[in-house]
Each structure stands twice: as C-alpha cells, then as structure tokens.
Amino acid sequence: MTVQELPGAGASYRSTPPPAWRPRTDAAPLLPDPEPYRVLGTPAAEKLDPELMRRCYAELVRGRRYNAQATALTRQGRLAVYPSTVGQEACEIAAALVLEEQDWLFPSYRDTLAAVARGLDPVQALTLLRGDWHTGYDPREHRIAPLSTPLATQLPHAVGLAHAARLRGDDVVALALVGDGGTSEGDFHEALNFAAVWQAPVVFLVQNNGFAISVPLAKQTAAPTLAHKAVGYGMPGRLVDGNDIAAVHEVLSEAVRRARAGGGPTLIEAITYRIEAHTNADDATRYRGDAEVEAWKAHDPVELLERELTARGLLDAAGIQEAKDAAEAMAATLRERMNAEPVLDPMDLFENVYAEQTGRLREQAEMLRAELDAEEQS
Amino acid sequence: MTTVAVKPATMAQALGRAMRDAMAEDPTVHVMGEDVGTLGGVFRITDGLAKEFGEDRCTDTPLAEAGILGAAVGMAMYGLRPVVEMQFDAFAYPAFEQLISHVAKMRNRTRGAMPLPITIRVPYGGGIGGVEHHSDSSEAYYVATPGLHVVTPATVEDAYGLLRASIASDDPVVFLEPKRLYWSKAQWNPETPAAVPGIGKALVRRTGTSATLITYGPSLPVCLEAAEAAREEGWDLEVVDLRSLVPFDEDTVVASVRRTGRAVVVHEANGFAGPGAELVARIQEKCFHHLEAPVLRVTGFDIPYPPPMLEKHHLPGVDRILDTVARLQWEN
C-alpha cells in the first residue's frame, strides 16, 4: 500500500503539517560568511583604535616570548609538557582582552597564554604543566576556570555558569575556548545545544589550528566550516581569520556584546595554525610538510599587526623595541621563578578530596606520614 | 502542645518533599533534568516543584546527561546547588566523563577553592519489571571514584533525611534511589520529619546475635524479611543498613560483626568487584580473630541485568540469603 492508497489520504493529505513541525525561517542569517572576516590589510583597518592595537601588539610580542620561554623550560625539564600556541597568539590574546573583569574565561590545556593575557601570574598558569598541582590558581579570584585537559568538557561548564549568572541577575559573559578536534566531542554538541535553548550569555571560540594532534580537519569533520555547526543549534556562526588580531577582537567583541545584551550564544571559528608541534612529545614532521608550515609563517599574527601599524605610522622602531624589552623582562622573571624548585608537601595529597576527610583517607594519610618520618630518620 | 497527625507517606513523596523544603529554605537550590518540570519526573518525584518555584528553579533540560551534569558543574561554580536527576541508572552513563573528570575532582584540583555542591539523583536497581537499561545497580562505578559521596536510602525517613543532607553537603553526592522502594510506605510526618543520622553513618535496623547481614538500599527489606524467617531455623540475625557507601561506616559494621562473629553482605549489584568485595575485605582485616566463619556474599549474578521476566532469579531473595546464612555453620 503506497501513501496515496492510505485510507483517508486524498488531495488534502499532508496539506497541513503536524503541529510539532515548525520550520525555522531564520537559518540563512545564522550562516557564516563564506570567507573568514579580515581587517588587517583591508580598508576596514582605517578604523582601528590605535591604543587598543598598540596594546594588542605589546601582548602579541609578549605572548610570542612567553611561548618561546615555556618551550625552553620544557627542554630543560622544568615543565612536564607544553602545548605551544605559537601562531595562535592573536586568538589567545583577543579572547582575554574582550572580557570585562566580571566575565569568565574557560580555557583548555593549550590556553595558558589566554589566562596570562587576562592577568594571571604565568607561574600559576603553568602549575598544571609543571606538575606540582593540577590548578595553580583560585578560579573564582581570576574568573578563569581550571585548564581543562579532557576535550570540550569545559564548554557545558561555561554554559552552566553563564546561565546561573543570568538567573542571579548578574552581568556576566562566559567565553569558552576549544580546538578543532574538540568540536567532534559530544560535550561540544551538548554545550551548544544547551546554550542556544537557554539563550545563555556564552561565546564559543574554536581555534581551528589545522590539526588535532596529527589528524587534519578534513578527517575531523565533513562540515563546510566549523562555524557552520552553529546553524543546527540556532545560533549565529562567524568565521574569522585567527591570525588577524583586529578581526578576532572585533568578532569576539560583537559576540560578547550580543551575549551581554541577552542575544544568546555565538559560535566563532578562528582559522589559524599551530606552527609548533602539538607538544614536545609530538613529531609534527610525520603528518605535515615544511611548505605548509612556511606558508603559515608568512601569515604570522605578530608580523601582520606590526606591518599594519608601522605602515599607518601607529608604531615605530622605539615602540617595537619597547614591546620586546617588556617581553624579555617577563621571560627573565618567568625563567628565574620556574628554576626555583616548587615546595611540595606530600601530605597535600589527602587534603581537599572531601570537605571533611573520611576515615579511610585519615588512615592512608597516617601511613604516608609514617613513611615520610622513617625516610627522614634514615 | 499540638500534635500533627502522622500519615502514611511513600518514599517518592518524602524525596519530593526533601527537594521542596531545601528549595524553600535555600534559593540557590535548583532542580534540573529531563522531564522534572511539567511532568514532575517519570516517577513524579519532582511533582509540583516547577509550579511552586518556577521553571528557572525546576528546569526541564534538553535530553543529554553529559550536558545536564556539565551545566550543573558550571552552575555550582557560580554558587548554585544543583540537584540533578538522571532518570534511570543506565541513562547516567553518558555523564560519566563529567562526573569522574570534573564533578569528583574539582575540589581537589583547585585545592579546595572550588567545591561543587551537586546532588546527582540516580533511580537505580531492579525489581520493577523494567526493560533493559532500566534496572542497573551501578554503585560500584561510583564508589570507585574518589571525591564522590555515595548514599542510598532504604526507608521513607532516610529518603527525606539523606536527601536533605546530600543537598546541604558541600561535596558532590551520588544519591542512589532504590526505585522498587519508591512506593514503600511508612508513618511519616512531613511537617516535622524526624531527624536521621546524616551521610557516613550506618544503622543497625535489627539486633541479633547469630550473624550480621550487611546491606543497603533495595536489599534492606529483603534482609529484614530473611531475618524474620531465619528465626524458625534458630538464627537470630542482626541487620546493618549502610545508608552511605562512601564514606563507609566501618565502626558500626566492625562492631556488629565482632559481636556476632559471622557476616553476610547482601546487594543487588554484580558480585565480582562489587561493593561487597570491599566490605568483605575490610571485615577480614578488622575482625579476623572474631570470625567463626568466612564472610559470605549474596549478590546479583555477574551478568548484564536480565530481562524483566527473569530478574527474580538474579535478584538476591530471602531463600538465597537463608541458604547462605546456613553456610555460616562453619566446620573446619
């Protein structure tokens, strides 16, 4: 029996959709522009705020130096691991700069630079990667969530926090960072869905750096862009050149403004590139060629801004030197502080598992105490 | 002095009342989950909460357990006390990464700066004729995760008292609700509920001298019935209700077993590496010289939860408990 033969199926069959079928008509405006948004090197750069851009430049130079110093510390065995953001500094810094003091940043393990640019002490930001504790700072004090190692699991936290803040009547926006690989995780999907349904004041920034460790984007997703994923959840998707700090800052600012004004979440895909390996444990030459890396080096976020600002007379040699000196001073202090052995108390292992220690943990703490005492006496 | 009439109430009503009272007293308490709002939950445990406190405080969420618990983490980070419903035991599994990687560890990761006062309600266990994925006893997964408290009530009084204690706790609590006891009744006064011991305290539900049955949640009524039946065989059984699996009240268990010299652990969950394995190990360590017989277990079989028409063969029943108790007549 075909549909036409169904009893009662006449000309009017399916003439009215069932009540639950309500097609959205606003899908098209949610679609990202086909080309990533750019400012540097385009006529739009004429409207740049010189003060903001000089600050961005200083932060970029400092961020590049921070990356170099952290990588060096890994080679010296001072850090257990460091996931570099060389090439991605524009995203990290713009993410930190667009937030107000009361806003929250939700970083992944790669985003220590964003935390530092937000004002966190670099040593506190690197504690996890040094290995003396998991989170080296009080998240509430800095409004920076703990660096998340599991992929995309911090995104639903950002949604929940933003939702809670709105329920309490507070003006708080949450900005969550995730990589291209993280967009394949279930938590990415659930977070975006919750955010859109709740119209939570949250912004998702995907730093598409080309590879999830070794797996290229083409093997990660069949979507035209990662920004397209927004449409299915009912939020706008934006595509931006992730190496153009002016563009990233503008797109993020707009999304943050929208969220703050009650307009709901936005998904932003910043197209960038990880110049260095995933971490020091990775051999990037196994999955990509030099030509590709060199091409991206020619689109360097620090140089892009430096060229624009110099050409416009907003930055001179003295300004460049000043930024370099400040970065060098930061690196020297960081090096010195990281060379000091962290003070560890093994008894900390039993602290803060529960508000009140359980009997079981008390017994185990006593056992370790006795072992430590015996070690001391021998 | 006026006396309020004590009426029969079900465990389901006591659980709902606990959330209602917690929400009324503390505006930071939020109930959330699939179907908890308009419908009042598939078991009607949250009935009336959305009406009384509004949809912002009793929220129907999208159907996504990782998202529900993940959002609750963020809400707790901002100072709320989320009470999350997982609807059915086996539906909680998508949320395990959030539970284990974040909920259980946040206090520790942040050196105490960011405790997460989240209560995760998990209706668990069999005996209600549910089809597959609706009857798992998943407590072994929870108790194996440091940083979580795991509690389970077996009485109407405890359903109220333990849930209030869980919501008030500054640590995350996995609150296991024995769903086949939802409709069990007791004389209970919702206006002035009797105070019960909080998280971490076991209770001797029946005193005895011949042997101790150690149990919790859905197996408590079965053990009490077995203890009554055992009198005919000349056994005077003590029954300990753990109430809290983490922390585990070793003192009460050890004191009881030292008194009786014999013990049987009873639970629905699979025996292999189940909670009973840990309990037996602790009893052997602490009571070795007091024991007159090996400590035995009566548990569910080591099989995936069976289809409803066969579950009666899997679940520990009175006969299986009595047969096991008979084996305590140990001769070298």
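The structure presented is a predicted model; accordingly, all values stated were derived computationally and were not measured.

Draft legend 1. Expanded view of the overall build of chain B. Looking only at helices and strands, chain B has 12 helices and 14 strands in total. The C-alpha atoms of chain B give 20 Å as radius of gyration, which agrees with the globular expectation for 332 residues (20 Å, within 12%). The C-alpha extent of chain B, read off along each of the three principal axes, is 65 × 50 × 40 Å. Within the span of chain B, comprising 332 residues, buried residues form 61% of the whole. Taking all contacts inside chain B whose residues are at least 6 apart in sequence as the whole, residues at least 24 apart take part in 81%. Roughly 12,900 Å² of accessible area belongs to chain B as shown, and the carbon and sulfur atoms make up 53% of that amount. Averaged over its 30 positive side-chain charges, chain B has a centre that lies 4 Å from the centre of its 42 negative ones.

Draft legend 2. Examining the overall build of chain A more closely. If you tally the helices and strands in chain A, you get 14 helices and 7 strands. C-alpha extents for chain A along the principal axes are approximately 95 × 65 × 50 Å. Relative to its 378 residues, chain A shows a buried fraction of 52%. Put simply, 75% of the contacts in chain A that link residues at least 6 apart link residues at least 24 apart.

Draft legend 3. Geometry of the confidence of the model for chain B. Within chain B, residue pLDDT values average 96, and 98% of them lie at 70 or more. Here the prediction assigns the complex a pTM of 0.94, and the interface score ipTM is 0.95.

Draft legend 4. Just the nonpolar core, in detail. In this structure, Phe-204 of chain A together with Met-77, Ile-118 and Ile-214 of chain B are the most contacted members of the largest nonpolar core, which totals 89 residues. Sort the elements by how many residues they give to this core and helix α3 (residues 65–77) of chain B lands first, with 8 residues. Once residues lying within four places of it in the same chain are set aside, the contact partners of Met-77 of chain B are Trp-104, Phe-106, Arg-140, Ala-145, Pro-146, His-157 and Leu-161 of chain A together with Met-106, Met-114 and Leu-116 of chain B.

Draft legend 5. Just the environment of Arg-238 of chain A, in detail. Residues and elements named next belong to chain A. With respect to the element layout, Arg-238 can be found in strand β6 (residues 237–241). As for Arg-238 and Ile-93, which are separated by 145 residues in sequence, their C-alpha atoms are 18 Å apart. Residues in contact with Arg-238, not counting those within four places in the same chain, are Pro-32, Tyr-37, Ala-227, Val-251, Glu-254, Thr-266, Leu-267, Ile-268 and Glu-269. Polar contacts involving the side chain of Arg-238 include one to the side chain of Glu-254, which spans 3.0 Å.

Draft legend 6. Focus on the layout of surface pockets. As a volume, the largest pocket reaches approximately 990 Å³. Taken together, 38 residues make up the lining of the largest pocket; nearest its centre are Thr-358 and Arg-360 of chain A together with Val-246, Pro-247 and Phe-248 of chain B. Broken down by secondary-structure element, the contributors of at least two residues to the lining of the largest pocket are α14 (359–377) of chain A together with α6 (139–143), β12 (244–246), α9 (250–260) and α10 (275–287) of chain B. Considering each element in turn, the lining of the largest pocket owes the most residues, 6 residues, to α14 of chain A. A per-class count over the lining of the largest pocket returns 19 nonpolar, 9 polar and 10 charged.

Draft legend 7. Focus on helix α12 (residues 301–311) of chain A. All names here are of chain A. Of all the residues in α12, the buried ones are Pro-301, Val-302, Leu-304, Leu-305, Glu-308 and Leu-309. Along the axis of α12, the buried residues cluster in a sector spanning 165 degrees; they form a single face. Next to the buried residues of α12 lie α2 (50–75), α3 (89–97) and α10 (245–260). Where α12 begins, the capping side chain belongs to Asp-300, and its oxygen is found 3.0 Å from the backbone nitrogen of Val-302. Immediately downstream of α12, the backbone of Gly-313 shows phi near 75 degrees, a positive value.

Draft legend 8. A look at the UniProt feature "coiled-coil region" (unreviewed entry) in chain A. Feature annotation in UniProt places "coiled-coil region" (unreviewed entry) on residues 317–378 of chain A, given in this structure's numbering. Secondary structure across residues 317–378 of chain A divides into 68% helix and 0% strand, with the first and last C-alpha atoms of the span separated by 61 Å.

Draft legend 9. Representation of the interface of chain B and chain A within the structure. Between chain B and chain A, the contact holds 48 residues from the first and 43 residues from the second. Each partner contributes to the roughly 3,600 Å² buried at the junction of chain B and chain A, and carbon and sulfur atoms together form 59% of this total. Looking at the side of chain B facing chain A, the largest losses of area belong to Tyr-78, Arg-109 and Arg-111 of chain B, adding up to 21% of the total buried there. Seen at the junction of chain B and chain A, the total is 4 salt bridges. The partner of Asp-348 of chain A in a salt bridge is Arg-111 of chain B, with the nearest N and O atoms 3.0 Å apart.

Draft legend 10. Geometry of the UniProt feature "domain: Dehydrogenase E1 component" (unreviewed entry) in chain A. Following the UniProt record, one finds the feature "domain: Dehydrogenase E1 component" (unreviewed entry) at residues 67–332 of chain A. Structurally, residues 67–332 of chain A comprises 45% helix and 12% strand, and the distance from its first C-alpha atom to its last is 13 Å.

Draft legend 11. Highlighting the packing of aromatic side chains. Taken as a whole and judged by the stated rule, the model has 16 aromatic pairs over all chains. Taken together, a centroid distance of 6.2 Å and an interplanar angle of 80 degrees make the contact between Phe-211 of chain A and Tyr-273 of chain A edge-to-face. Note that Phe-211 of chain A is positioned in strand β4 (residues 211–212) and Tyr-273 of chain A in the loop between β7 (266–271) and α11 (290–297), a separation of 62 residues in sequence. On the basis of relative accessible area, Phe-211 of chain A is assigned to the buried category, the value being 8%. An aromatic cluster of three or more residues is present, and its members are Phe-43, Phe-88, Phe-91, Tyr-182 and Trp-183 of chain B. The ring of Tyr-37 of chain A has Arg-238 of chain A lying over it, and the distance from NZ or CZ to the ring centre is 5.9 Å.

Draft legend 12. How the structure looks around the pattern of salt bridges. Residues and elements named next belong to chain A. Applying the stated criterion to the full structure yields 45 salt bridges over all chains. Between Glu-101 and Arg-143 there is a salt bridge; the shortest N-O distance is 3.8 Å. Of this pair, Glu-101 sits in the loop between α3 and β1 (104–106) while Arg-143 is found in the loop between α6 (139–142) and α7 (154–167), placing the two residues 42 residues apart along the sequence.

Draft legend 13. Just unusual backbone geometry, in detail. In this structure, the amide linkage connecting Val-246 of chain B to the following residue, Pro-247 of chain B, adopts the cis form with an omega of -5 degrees. Along the chain, Pro-247 of chain B turns up in the loop between β12 and α9. Unusually for a residue other than glycine, Gln-199 of chain A sits at a positive phi of about 50 degrees. Its place among the elements puts Gln-199 of chain A in the loop between α8 (186–198) and β3 (202–208). With a relative accessible area of 30%, Gln-199 of chain A lands in the partly exposed category. Phi angles above zero are rare outside glycine, and Asp-35 of chain B is one such case at about 75 degrees. Checked against the element boundaries, Asp-35 of chain B lands in the loop between β2 (29–33) and α2 (49–53).

Draft legend 14. Molecular detail of the sheet that holds strand β4 (residues 81–85) of chain B. All names here are of chain B. Taken in spatial order, the 7 strands make up an open sheet running β3-β2-β4-β5-β7-β6-β12, and their pairing is mixed. In the strand order of this sheet, the two ends are held by β3 (58–60) and β12, each with one partner. The average undirected angle you get between the axes of adjacent strands in this sheet is 20 degrees. As defined by bridge partners, β4 adjoins strand β5 (residues 119–124) across 3 bridges and the pair is classed as parallel.

Draft legend 15. Fine view of the sheet that holds strand β2 (residues 174–179) of chain A. Residue and element names in this part refer to chain A. Strand order across the open sheet formed by 5 strands is β1-β2-β3-β7-β6, with parallel pairing between neighbours. Across the chains shown, the open sheet's two edge strands, defined by having one partner strand only, are β1 and β6. Strand-to-strand, the axes of this sheet are offset by a mean angle of 20 degrees, without reference to chain direction. As judged from the 6 bridges shared by β2 and β3, these two strands associate in the parallel manner. From the neighbouring strand, Ala-176 faces β3, where its bridge partner is Phe-204.

About the cut-offs
- Residues numbered from 1 in each chain as written.
- Chains lettered and ligands numbered in written order.
- Predicted model: local features only at pLDDT ≥ 70, side-chain atom pairs only at ≥ 80, totals over all residues.
- Heavy atoms only, no water.
- Helix = DSSP H or I, 4+ residues; strand = E, 2+ residues; numbered from the N terminus.
- Rg over C-alpha atoms; globule rule 2.2 N^0.38 Å.
- Buried < 20%, exposed > 50% of the residue type's maximum accessible area, 1.4 Å probe, protein only.
- Contact = heavy atoms within 4.5 Å.
- Areas by Shrake-Rupley, 256 points an atom, 1.4 Å probe, with all protein chains shown as cover.
- Lys, Arg positive; Asp, Glu negative; His and termini not counted.
- Charge placed at Lys NZ, Arg CZ, Asp CG, Glu CD.
- pLDDT = per-residue confidence, 0-100.
- Core = buried A, V, L, I, M, F, W, Y, C linked by side-chain atoms within 4.5 Å.
- Polar contact = N/O pair within 3.5 Å; in protein donor to acceptor, adjacent residues only side chain to side chain.
- 1 Å grid on protein atoms, 1.4 Å probe; cavity = no way out; pocket = protein on both sides within 12 Å on 5 of 7 lines; lining within 4 Å.
- Points joined across faces, edges and corners; volume = space filled by probe spheres on them.
- Nonpolar A, V, L, I, M, F, W, Y, C, P; charged D, E, K, R; others polar.
- Arc of directions from axis to C-beta.
- UniProt positions renumbered as here; feature names shortened; annotations may be inferred.
- Buried area = accessible area lost by both parts, 1.4 Å probe.
- Salt bridge = Lys/Arg side-chain N within 4 Å of Asp/Glu carboxyl O.
- Phe/Tyr/Trp six-rings, centres within 6.5 Å; stacked < 30°, edge-to-face > 60°.
- Lys NZ or Arg CZ within 6 Å of the ring centre and 35° of its normal.
- Pairing = 2+ DSSP bridges.
- Axes fitted to C-alpha atoms, helices over the stretch in contact; angles between N-to-C directions.

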